Amino acid sequence: MKALKALNFYALMAMMILSLAACSSSGNNEATATGTPAATAEPTATPEATPEPTKEPEPAEISYLTWRGELPEISDGFQKKYPYYKVSTQSVAGVAEYIQAQKVRMLAGDLDVTSLRPESIEEYVKAGSLADLTGAAFLDNVNPSLFGKATFEGKVYAVPSSVNLVGVWYNKDLFAKFNLAIPTTWEEFLAVCEVLQQNSIVPMGNGGKDAWPMEFDIYPFMHKLLVDDPQIFDKINNGEMKYTDPVFIDAFKQIEAFYKTGYIYKDVLSVGYSEAANLFFQQKTGMIIQGEWLSPVVDEAQPAFEVGVFPMPIPGEGTRVVLPITVGVYEAVLDSTKHKEAAMAYLDYFSSKETGDVLAATAAISPIKGVEINPDSYLRLWEPYLQADSVDFFYNLQFAGANAEFTKGLQDLFLGRITPEKLAENIQIAQDKKAE
Amino acid sequence: MKLKNNYLPYIFMAPALILLFFFFALPFISTVLIGFTDFNGFSWNMKFVGMANFINIFRESEVLSSLKNTVLFTVLTLLFQIPLGLLLAVLLNRNIFGRDVFRAIFFLPAMISSVALSSIWGLIFNPNLGTIVTVAKFLGWDWLADIRWLADPGLVMYSISAVNVWIFSGWCMVIFLAGLQSIPQEMLESADLDGATPVRKLWHITLPMLAPATTINVVMVTIGGLKVFDLPLIMTNGGPGHASETLTMTIINNSFALSKVGYGAALSILMLIFILLFTYFQNKFLGRAEEATEY
């Protein structure tokens, strides 16, 4: 009996000791960036050539996590160029699922290179999770104006690998049928919506059930805030401004008024992103405000009408064209990697024109110099607009929690369940958690 | 010989205990400890923050909203799933043609992945192409076609609860069937001899004798309801707005989307305490009811 009690005691102690050991923080990754990130600062270090290894590199296998598919052409090309290195690419579909998987892999420390969403970079840099890429030769392959979100205190932590933009996709046949010209001002845009509505065509509608597409139907109003003041969301993030300030309340009131026009599909909260695209292809909606990432969907759907695109008119800006353009995907090396040389070699290959051409063939806009848009994709429709003035995506500049509350709040605003003032208050409450 | 007799059971239990330790005890203890830190889920740099996470929970209106949705879902499920399961059990306890086939049909949804079923019901409720709207338009029932089952904030939790009842009533049916088959036949025959009607037999004999099965069903349905996650996630993603966001969804959102794993852990601990208290008092009440029915 005594032996039994002793065994019970030691078993319990072993459980406690093991669990405490598992919970201890090892603090291997020191934060290397502090303070407010300089969102628009250019890299200050002079680019250096990637140093040639002085001896035969040690064979290494690196692990690359992305959401863009297995990318076998890129893996094969890399391994052909660097026969002593291997890359194991894992892909997790779905941005939310991807971010969860990425965080778990980062914690486990078995990830070498990873694709990053722009909203993830700041928190990873502050936690010291990303390797400093400053001075790497491959950074010169990319348009220098695109490094804003990846640069903190003069150091570069990620390299852009895909560019996104937002605009209006429209049904050219319907426009021709109702003698509609492409609107170049906000007033003309509203007039087009009115004509479509009077002819029993729903002017537009996104997949509100998935929450994030709600931002696109009202994108012009948030875009206007950035066009007027490109620093506005930096001011929100550093506490200089609040969402309850008049400029935001006015924007939310305009959104509310726009919802009441009925120009947006009335069942927008019952359809997801894919179904909303199908409504456009079935000609139940005349337009859809979406990103260029709709291109492969259009390519696959091959709608029975001619598809066109035009830049989103901006309220109060007349005919001025300012496109929302951002880097949607970055690639970074994890600071915890045990194969830094191999990981940097992978980024070097990933930033080459060769890889840019492969990604462009999948209907993506590559930030790499000299890479052309795939002429066989509907993406080509956006080419004439790529040199226009641009500002970042507003939601990439928002704190993630505030943006989540904003998209949920838009659903309630659409239903008339909250007022613009209440929406502003709720978003500010979510924003205040950033400081906690 | 004495040594072997003392330690042999532990050796045989060891594999199960090891699994229990790594997949239950260790995660549980880790969660409790993480609840007192600012762990972000992707870096081992974390610091002890004391009770800050727990205090912040009570300041958040989103937690209250999620709790309200979760309790509503649980109450609706209890109100409909238990009686429906009982009704099915009573009907399928008789010796009718095709009884076993019917039992399998009603139990089938409980065996299929609830994620798959949630997706299917999402399509059924779809206001453009869904089964309900298609049938309603065919019958000329515009009032039915106009109902927005998942987009109406006042209706969405009822719709999701209805799907849950449909999926798991068969489960309750199986538990009640086991209980029904344990009722001594002599009691029912004796009641027949005394001229008791079927309703009186049900009320005075069957239901009281089903008290243990009822307890199991009520406790399991309550725990399942308070932890619900997959149905609202797949069907509505917690929308519209926060109208169908449950407590578990709030935990997941904070832990992964907002990198506040410490806060999420604290919330899950409070949720555990809430569930334990709820089921403790529920068990106490039902236990007294069981005692009262003992002969």
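Residues numbered from 1 in each chain as written. Chains lettered and ligands numbered in written order. Predicted model: local features only at pLDDT ≥ 70, side-chain atom pairs only at ≥ 80, totals over all residues. Heavy atoms only, no water.

Asker: With reference to specific residues and values, describe the overall build of chain A.
Answerer: Across its full length, chain A holds 17 helices and eleven strands. Classification of the 436 residues of chain A by burial places 54% in the buried group. Pairs at least 24 apart in sequence give 77% of the contacts found in chain A among residues at least 6 apart. (Helix = DSSP H or I, 4+ residues; strand = E, 2+ residues; numbered from the N terminus. Buried < 20%, exposed > 50% of the residue type's maximum accessible area, 1.4 Å probe, protein only. Contact = heavy atoms within 4.5 Å.)

Asker: I'd like a description of the pattern of salt bridges, backed by residues and values.
Answerer: All names here are of chain A. In this structure the tally under the stated criterion is 24 salt bridges over all chains. As a salt-bridge pair, K172 and E306 come within 3.3 Å of each other at their nearest N and O atoms. A residue pair is termed long-range when its members are at least 10 positions apart, and K172 in helix α5 (residues 172–177) and E306 in the loop between α12 (295–301) and β9 (307–310) qualify at 134 residues. Classification of K172 by relative accessible area gives partly exposed; the value is 30%. Given a relative accessible area of 46%, E306 falls into the partly exposed group. Here the salt bridges share partners, and the residues they tie into one network are K224, D228, E317 and R320. (Salt bridge = Lys/Arg side-chain N within 4 Å of Asp/Glu carboxyl O.)

Asker: Help me get a handle on the packing of aromatic side chains, residues and values and all.
Answerer: All names here are of chain A. The final tally for this structure, using the stated rule, is 54 aromatic pairs over all chains. Plain terms: the ring middles of W186 and F189 are 5.2 Å apart, the flat faces sit at 25° to each other, and that makes the pair stacked. Of this pair, W186 and F189 both sit in helix α6 (residues 186–198), three residues apart, which is roughly one turn of the helix. The pair W186 / F189 is uniform in exposure class, with both members buried. (Phe/Tyr/Trp six-rings, centres within 6.5 Å; stacked < 30°, edge-to-face > 60°.)

Asker: I'd like a description of helix α16 (residues 400–415) of chain A, backed by residues and values.
Answerer: Residue and element names in this part refer to chain A. Taking 1.5 Å of rise per residue, 16 residues should cover 22 Å, and α16 covers 23 Å from first to last C-alpha, within 8% of that figure. A large share of α16 lies buried, amounting to 13 of its 16 residues. Note on α16: the residue one or two positions beyond its end, G416, has a positive phi of about 80°. (Expected span 1.5 Å × (residues − 1).)

Asker: Could you give an account of the confidence of the model for chain A, with specific residues and numbers?
Answerer: All names here are of chain A. Overall, the prediction assigns chain A a mean pLDDT of 87, with 87% of residues at 70 or greater. Averaged over each element, pLDDT in chain A is lowest for helix α1 (residues 2–23) (47) and highest for helix α10 (residues 246–260) (98). Of the regions scoring below 50 in pLDDT, residues 16–49 engages in 60 contacts with residues more than four places distant in sequence or in other chains. (pLDDT = per-residue confidence, 0-100.)

Asker: Could you give an account of the interface of chain B and chain A, with specific residues and numbers?
Answerer: Tallying the contact residues gives 40 residues for chain B and 46 residues for chain A. Per-residue buried area on chain B facing chain A is highest for F42(B), W44(B) and F256(B); these three make up 19% of the total on that side. Across the contact surface, chain B and chain A share three salt bridges. With its nearest N and O atoms 3.4 Å apart, the salt bridge here joins K433(A) to E62(B). Taken together, the elements giving at least two residues each to the side of chain B that touches chain A come down to α1 (2–34), α12 (230–236) and α13 (247–257) of chain B. Element by element, the count of residues in the side of chain B that touches chain A is highest for α1(B), at seven residues. Tallied by class, residues from the side of chain B that touches chain A come to 20 nonpolar, 15 polar and five charged. (Buried area = accessible area lost by both parts, 1.4 Å probe. Nonpolar A, V, L, I, M, F, W, Y, C, P; charged D, E, K, R; others polar.)

Asker: Go over a nonpolar patch on the surface, please, and point to the residues and values.
Answerer: Together, I96(B), V101(B), F102(B), I105(B) and F106(B) make up an exposed nonpolar region whose accessible area comes to about 430 Å². Along the chain, the position of F106(B) falls in helix α4 (residues 99–111). (Patch = residues over 30% accessible without salt bridge, like charges linked within 9 Å, V, L, I, M, F, W, Y side chains within 5 Å. Areas by Shrake-Rupley, 256 points an atom, 1.4 Å probe, with all protein chains shown as cover.)

Asker: Explain the pairing of strand β2 (residues 85–91) of chain A residue by residue, including any values.
Answerer: Residues and elements named next belong to chain A. The sheet contact formed by strand β1 (residues 60–66) and β2 spans seven bridges and is parallel. When the sheet's bridge partners are listed, I62 is paired in β2 with V87. Where the polypeptide runs from β1 across helix α2 (residues 72–81) and back to β2, its parallel neighbour, the crossover connection is right-handed. (Pairing = 2+ DSSP bridges. Right-handed = clockwise from strand over helix to strand, strands pointing away.)

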